Amino acid sequence: MEETEVVVIGAGVAGLTAARLLAGAGRRVVVLEARDRIGGRVHTDRTDGLVTDLGGSWIHGVEDNAVADAVAAFGIRTVEFTVGGYQVDSRPIAYHGPDGRRLDAGAAARFAADVHTVDRDLVDEIERSAPDDSYRDVVARAVAAQGWDAERAERVREHLEHRSEEQYGVASDELAAHGLDDDTIAGDEVVFPDGYDALPAHLAAGLDVRLGHVVARVDHGDDGVVVTSSRGTVHADVVVVTVPVGVLQAGDLVLEPPLPGRHREALGRLRMNAFEKVVLRFPERFWDEDVYAIRQLGPAGHRWHSWYDLTRLDGVPTLLTFAAGPAARAIRGWSTEQVADSVLEQLRRLYGDAVGTPTSVLVTAWQDDPFARGSYAHMLPGSTTDDHDDLATPIAGRVHLAGEATWTLDPATVAGALYSGHRAAVAVLGHDVPIDRLWADTPAG
């Protein structure tokens, strides 16, 4: 049996962050990764020389964000693209009414003002919400309080429904009332023309990362931990487990003794979402110039309602849309051609015969990935924000859980993963380590 000091399970951003900080502090660290690549849910496709981020894409707000600091220090290129938070305005957005025609500037501004009005009231509605209230419940009350006619109220309610889907990949009745409390963005958002996977690549430099090691069991006790994978066993003092919530819930990774009750209860109030990307490249642009996004209002947009113009990344006319929540479940198992036909049918409602045939279409399938089982976690009605932190509470000084779902202030993001990895490293070491060691130090060994 191999001996080391720390085993990190998972070579995503959380695991690599913890491993890099621990190795930099002189600990002997082994990282076991089930996939044949690093990065976890940060994964870049480079088919035909075109860069497409299939997982994480954005830094949602570059101010006071350690991911942005790391990216800058590593010299990774970014491009401003501030619409990833499903905001209603602040960047040029082409809104189309229920009949498919584009709204003029005045109508779009009035719609945005209505959304802002409800958003302000939502703060108080969420504060007053009952423990089991869903996001749909508080939205319904905030919209009803405005006294608007049915059409006006429905457009805003619909927008907020789509926001819960795009932000957390779940219908609003499956999301806790306070499930979007963390939905704040400080500063511009940016994307990666050369691929987000440059970040995990830099974090992994110099580390002992072993690919193709599917961990099935972690035994822990007074004598340390024994980690059993598809390629053998490793004994260590401690283990940092960074697998997604869906993998923990599926029982694919067995902990013995099992998670304590506090952890099990927190885990039971979180769920992996259904959230897939559809990226279409075209021979030429047929949509409006100088817009960040296209949005369809009304019932026709129940499945496909928002498209994001990624042309600025490489000059190739590209639209990104999301199958989120109910839509992602509906298309599960569809062929790429079926998905493309469905998206194009909706685009043709807006742009008619100007819509050309895509030169390429990529559709993700995170729901079917056995090492993810979804894109990221969300809070069920009845949960509390403490559930994230409870899941990360160290177990007997031997087992540390990290990952986006364990970070309260910014879950469901790469930043949350990175911060959780830093917290795990600090807990293992027993003393603080500046987070900027990630890009300032070279790991030992």
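So, how was this worked out
- Residues numbered from 1 in each chain as written.
- Predicted model: local features only at pLDDT ≥ 70, side-chain atom pairs only at ≥ 80, totals over all residues.
- Heavy atoms only, no water.
- Pairing = 2+ DSSP bridges.
- Helix = DSSP H or I, 4+ residues; strand = E, 2+ residues; numbered from the N terminus.
- Axes fitted to C-alpha atoms, helices over the stretch in contact; angles between N-to-C directions.
- Contact = heavy atoms within 4.5 Å.
- Expected span 1.5 Å × (residues − 1).
- Buried < 20%, exposed > 50% of the residue type's maximum accessible area, 1.4 Å probe, protein only.
- Parallel < 35°, antiparallel > 145°, perpendicular 65-115°, else oblique.
- Left-handed = near helix turned anticlockwise from the far one by under 90°.
- Nonpolar A, V, L, I, M, F, W, Y, C, P; charged D, E, K, R; others polar.
- Core = buried A, V, L, I, M, F, W, Y, C linked by side-chain atoms within 4.5 Å.
- Polar contact = N/O pair within 3.5 Å; in protein donor to acceptor, adjacent residues only side chain to side chain.

A. Spotlight on the sheet that holds strand S7 (residues 93–96). The sheet built from 6 strands is open, its strands ordered S7-S17-S18-S19-S16-S20 with mixed pairing. Strand pairing shows two members of the sheet lacking a second neighbour, S7 and strand S20 (360–363), which therefore form its edges. For this sheet, the mean angle separating the axes of adjacent strands, direction not counted, is 20°. Of the strand pairs in this sheet, strand S16 (residues 275–281) and S20 are connected by 4 bridges, and their pairing is antiparallel. Looking at S20, one finds that Leu 280 is bridged to Val 361. Strands in contact with helix H5 (residues 150–168) are S7, S16, strand S17 (293–296), strand S18 (306–309) and strand S19 (318–324); relative to S19, the strand with the most contacts, it is inclined by about 95°. Strand contacts of helix H11 (residues 336–351): S7, S16, S17, S18, S19 and S20, with the helix running at about 85° to S17, the strand carrying the most contacts.

B. Fine view of helix H13 (residues 414–429). Given a rise of 1.5 Å per residue, 16 residues ought to cover 22 Å, and the 23 Å separating the end C-alpha atoms of H13 matches this to within 8%. Burial runs high along H13: 13 of the 16 residues are buried. Gly 430 sits one or two positions beyond H13 and adopts a positive phi of about 80°.

C. The arrangement of the packing of helix H4 (residues 135–144) against H5 in detail. For the pair H4 and H5, the least separation of the axes is 10 Å and the interaxial angle reads 155°. Viewed along their axes, H4 and H5 adopt a mutual orientation that is roughly antiparallel. In the packing of H4 onto H5, the handedness of the crossing is right-handed. For the pair formed by H4 and H5, the contact residues are Tyr 135, Arg 136, Val 139 and Val 143 on the first element and Ala 153, Val 156, Arg 157, Leu 160, Glu 161, Arg 163 and Ser 164 on the second. Grouping the constituent residues of the contact of H4 with H5 by class yields 6 nonpolar, 1 polar and 4 charged.

D. Geometry of unusual backbone geometry. With omega at 0°, the peptide bond leading from Glu 256 into Pro 257 counts as cis. One can find Pro 257 in the loop between strand S14 (254–256) and helix H8 (261–268). Located in the positive-phi region is Asp 64, a residue other than glycine, with phi close to 50°. In this structure, Asp 290 takes a positive phi of about 60° despite not being glycine. You can see Asp 290 is positioned in the loop between S16 and S17. Taking relative accessible area as the criterion, Asp 290 reaches 67% and is therefore assigned exposed.

E. Seen up close, the nonpolar core. In terms of nonpolar packing, the biggest core is built from 45 residues, with Val 67 and Leu 199 touching the most fellow members. Among the elements that make up this core, the one with the highest residue count is H13 (9 residues). With near-sequence residues (within four places) excluded, Leu 199 lies in contact with Val 13, Val 67, Ala 70, Val 71, Phe 74, Ile 76 and Val 414. In this structure, Ala 112, Ile 126, Val 191 and Phe 322 belong to the second largest nonpolar core, which totals 42 residues.

F. Structural context of the sheet that holds S14. Here 5 strands make up an open sheet; going across it, the order is S1-S12-S11-S10-S14 and the pairing mixed. The open sheet is flanked by strand S1 (2–3) and S14, the only strands paired with a single partner. Sheet topology places S1 next to strand S12 (residues 232–236); 2 bridges connect them, and they run parallel. The partner of Glu 2 across the bridge, within S12, is Val 234.

G. Seen up close, the side chain of His 220. For His 220, the location among the structural elements is in strand S10 (residues 215–221). Accessibility expressed as a relative area gives 13% for His 220, which makes it buried. Side-chain polar atoms of His 220 contact the backbone oxygen of Pro 257, separated by 2.9 Å. For His 220, the contacting residues outside a window of four places in its chain are Val 225, Glu 256, Pro 257, Ile 395, Arg 398 and Val 399.

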